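Take a look at the letters that make up each chain.
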Amino acid sequence: MHPEPAQPGSRLVPGTAVRWRCTVCGFVFEGEKPPKGCPACHSPSAEFMEDSGRKQLTYDGKPFDVLLINGSTHRAGNTGFMADLAEKFLRERNISFRRFNLSEHHIDYCWCCYAVRAGSCTYPCRNAKDDMPAFHQMLAASKAVIVVSPINWNGMSARLKAFLDRTTCMNNVYHLKKPGHTEGKIAGILVNGHEDGAIKTAMDIWLNFEQLGYILAPFGIGFRTHGAEFNSKTDHEFFRNDEFLVHQVRGVVTNVIEMLHLKIEEKLRGKLIPVTE
Ligand SMILES: Cc1cc2nc3c(=O)[nH]c(=O)nc-3n(C[C@H](O)[C@H](O)[C@H](O)COP(=O)(O)O)c2cc1C
């Protein structure tokens, strides 16, 4: 989760201009182009970003409709592909959105102040030093969220889990009887994996948003798994040529957009009674 310094064995070629960092493992490479693959974690070149040092994410305050989150460790893997499709369908419908790949961001584990004392978990979050405060602001500013996750051991990715844990301060405002920032917003969830755990993963993600007062769009969960005849070498091609996956993503994005058009968040403002854990 933390951008890491160059590891021993990083191939730094003196005199070349660009430093590239693997967003998956932190391996640093210097050259005109990123390497074909990461020698440390074997991720493809698309996982490399120019390494311009760590800058804290900020939100410019401009309104937009949908916050699209790729929760995968891979910015350009199978989950990233689903997020690309979601972007395409949002664009086709002229919906304003912002997409983030969590692997490009620095998100600390939740300090779990709530577990020390409920009153200690405040909004804004006590940890103001990573990228999460900007994500909090964008969750509050956007009207809907679409979250895309791989299945990792029958659950969401660890990165997404860290992100969702960090929304506890937005949930705890209801507990502390303070004004909320998220009730009445819309959620859509997309999941991909090999064989097992898609629905559990989606429901785990949904639980978090339900506790923030979000409304799951009708048919708001879409997932695609492929079964045992494919593996991690062949799944890339499977997902990229799969009409059902396109249908799932188009469906969830469309259903989120249709809910947005109903302007339910505005209609519910001030009328809901938060029922939270
Ligand atoms: C640590 C780990 C655990 C996984 N667990 C599951 C699992 O429980 N069920 C499943 O269907 N696929 C599982 N997979 C496969 C991934 O969900 C699949 O490769 C996915 O397409 C990866 O998305 P990405 O390219 O965005 O990383 C697992 C992969 C990893 C690396």
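These numbers were taken from a predicted model, which means no experiment stands behind them.

S.K.: Sorry, what's going on with the domain arrangement of the protein here?
M.R.: Accessible area lost upon the coming together of the parts is a frequently used measure of interface size. By domain assignment, the protein separates into domain 1 (1–54) and domain 2 (66–268). Computed over C-alpha atoms, the centres of domain 1 and domain 2 are 27 Å apart. The partner domain 2 presents 10 residues to the 10 residues of domain 1 that form the contact. Here the residues of the side of domain 1 that touches domain 2 sort into five nonpolar, three polar and two charged.

S.K.: Is there a simple way to think about the sheet that holds strand 6 (residues 144–150) in this case?
M.R.: Strand pairing in a sheet relies on backbone hydrogen bonds. The paired strands run either parallel or antiparallel. Pairing is parallel in the open sheet, where five strands are placed in the order 5-4-6-7-8. Sheet topology places strand 5 (97–101) and strand 8 (215–225) at the edges, where each strand pairs with a single neighbour. Neighbour to neighbour, the strand axes of the sheet diverge by 10 degrees on average, direction disregarded. Its contacts with the sheet place helix 6 (residues 198–210) against strand 6, strand 7 (186–193) and strand 8, and it is angled at close to 155 degrees to strand 7.

S.K.: Where do I start with the pairing of strand 6 in this structure?
M.R.: In summary, the side chains of a regular strand alternate between the two faces of the sheet. Buried residues dominate strand 6, accounting for seven of its seven residues. Here strand 6 shows no split at all, with Ala 144, Ile 146, Val 148 and Pro 150 on one side and Val 145, Val 147 and Ser 149 on the other all buried. As judged from the five bridges shared by strand 4 (residues 66–70) and strand 6, these two strands associate in the parallel manner. The residue bridging Ile 69 from the neighbouring strand is Val 147, located in strand 6. Strand direction decides the pairing type here: strand 6 and strand 7, joined by seven bridges, are parallel. Of the residues in strand 7, the one forming a bridge with Ser 149 is Val 191.

Rules of the game
- Residues numbered from 1 in each chain as written.
- Predicted model: local features only at pLDDT ≥ 70, side-chain atom pairs only at ≥ 80, totals over all residues.
- Domains from an automatic or database assignment.
- Contact = placed C-beta atoms within 7 Å.
- Nonpolar A, V, L, I, M, F, W, Y, C, P; charged D, E, K, R; others polar.
- Pairing = 2+ DSSP bridges.
- Helix = DSSP H or I, 4+ residues; strand = E, 2+ residues; numbered from the N terminus.
- Axes fitted to C-alpha atoms, helices over the stretch in contact; angles between N-to-C directions.
- Buried ≥ 20, exposed ≤ 12 C-beta atoms within 10 Å, placed from the backbone.

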